[in-house]
Amino acid sequence: GEIGVETGHADAATGRGTSFRIRLPAMESSPADASRLGDAVRNERGHRLLVVDDEPDVGEMIGEVLAAVGHEVDVYSSGADALAALEATDYDLVITDLRMPDIDGQVLSERAEALRPGLSRRFLYLTGDTLSPVAHEFLIEGNRPHLHKPIAPEELRRAVERAVVPG
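Small disclaimer: the values here were computed from a predicted structure and weren't measured.

## A word on the overall build of the protein
- Within the protein, the secondary structure is distributed over 6 helices and 7 strands.
- For the protein, the proportion of its 167 residues judged to be buried stands at 31%.
- Sequence-distant contacts in the protein: of pairs separated by 6 or more residues, those separated by 24 or more amount to 56%.

Here's what the structure looks like:
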């Protein structure tokens, strides 16, 4: 069928405006269409993210930036608390400071991997140091996604979209 539009006309004498009648072809939908629509709605809602930074103000700022674009974000200031969250919840991405006093980002990713094989590939690391030899080996030689602090909000949003592993 065709898409058609019929219009009336404005009648100044009666004060009536223009009327429109739009004819659209009927569409058949299938369960597959409904499933794709559901996926689209889920994707628009963003991803489930875990943010870990031992500086609470930094973690909250990161959480707010990502929540503002539709992500569901949990923020922790302790690696131990984040590990407990990882045991209870499946996250699409973990954004963690590399250097923290209790459980740092590297140990957190190793323990996460022991919990769920493959989970360590869903980590984005934040670092404020000047890439010490240990950090350099872990991040650069390990080809792990990372950002240097301070981080611009747009840079953070782009990095999260690149780092999230589909499926």
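## As for the side chain of Thr127
- One can find Thr127 in strand E6 (residues 123-127).
- Classification of Thr127 as buried rests on a relative accessible area of 1%.

## Overview of the packing of aromatic side chains
- This structure, assessed with the given rule, holds 2 aromatic pairs.
- Relative to Phe138, the ring of Tyr125 has its centre 5.1 Å away and its plane inclined at 85 degrees; by these criteria the two rings are edge-to-face. Note that Tyr125 is positioned in strand E6 and Phe138 in helix H5 (residues 133-141), a separation of 13 residues in sequence.
- With relative accessibility at 1%, the residue Tyr125 sits in the buried group.
- Classification of Phe138 by relative accessible area gives buried; the value is 7%.
- Taken together, the aromatic side chains of Phe123, Tyr125 and Phe138 make up a single cluster linked through ring pairs.

## Quick notes on the nonpolar core
- By size, the foremost hydrophobic cluster in this structure holds 19 residues, and its most contacted members are Leu50, Val52, Leu86, Val94, Leu108 and Phe123.
- At the level of elements, strand E3 (48-52), helix H3 (79-88), helix H4 (105-115), E6 and H5 are the ones that each hand at least two residues to this core.
- For this core, the leading source of residues is H3, giving 4 residues.
- Not counting chain neighbours up to four residues away, the residues in contact with Leu86 comprise Leu50, Tyr91, Val94, Leu108, Ala112, Leu115, Arg116, Leu119 and Phe123.

## Let's talk about the packing of helix H2 (residues 56-67) against helix H6 (residues 153-163)
- Contact geometry of H2 with H6 gives a least axis separation of 10 Å together with a crossing angle of 70 degrees. Compared by their axis directions, H2 and H6 come out roughly perpendicular. The chirality of how H2 crosses H6 is right-handed. Taking contact as the criterion, the partners of Ile62, Val65 and Leu66 in H2 are, on H6, Pro153, Leu156, Arg157 and Val160.
- Among the residues forming the contact of H2 with H6, the class breakdown is 6 nonpolar, no polar and 1 charged.

## A word on the sheet that holds strand E4 (residues 72-76)
- Overall, parallel pairing links the 5 strands, which are arranged E4-E3-E5-E6-E7 in an open sheet. What marks the edges here is a single partner per strand, and that holds for E4 and strand E7 (146-148). Averaged over all adjacent pairs, the angle separating strand axes in this sheet is 15 degrees, with direction ignored.
- Where E3 lies against E4, 5 bridges are found, and the strand directions are parallel. Counterpart to Leu50 in the pairing with E4 is Asp74.
- Strands in contact with H3 are E3, E4, strand E5 (93-97) and E6; relative to E3, the strand with the most contacts, it is inclined by about 160 degrees.

## Considerations on the pairing of E6
- Counting buried positions over the 5 residues of E6 gives 5, a clear majority of the element.
- Alternating positions in E6 separate into two faces, Phe123, Tyr125 and Thr127 on one and Leu124 and Leu126 on the other, with burial throughout.
- Note: E5 against E6, 4 bridges, orientation parallel. The partner of Val94 across the bridge, within E6, is Phe123.
- Handedness of the E5-H4-E6 crossover: right-handed.
- Bridging between E6 and E7 involves 3 bridges; their strand directions are parallel.

Criteria and cut-off values
Residues numbered from 1 in each chain as written. Predicted model: local features only at pLDDT ≥ 70, side-chain atom pairs only at ≥ 80, totals over all residues. Heavy atoms only, no water. Helix = DSSP H or I, 4+ residues; strand = E, 2+ residues; numbered from the N terminus. Buried < 20%, exposed > 50% of the residue type's maximum accessible area, 1.4 Å probe, protein only. Contact = heavy atoms within 4.5 Å. Phe/Tyr/Trp six-rings, centres within 6.5 Å; stacked < 30°, edge-to-face > 60°. Core = buried A, V, L, I, M, F, W, Y, C linked by side-chain atoms within 4.5 Å. Axes fitted to C-alpha atoms, helices over the stretch in contact; angles between N-to-C directions. Parallel < 35°, antiparallel > 145°, perpendicular 65-115°, else oblique. Left-handed = near helix turned anticlockwise from the far one by under 90°. Nonpolar A, V, L, I, M, F, W, Y, C, P; charged D, E, K, R; others polar. Pairing = 2+ DSSP bridges. Right-handed = clockwise from strand over helix to strand, strands pointing away.

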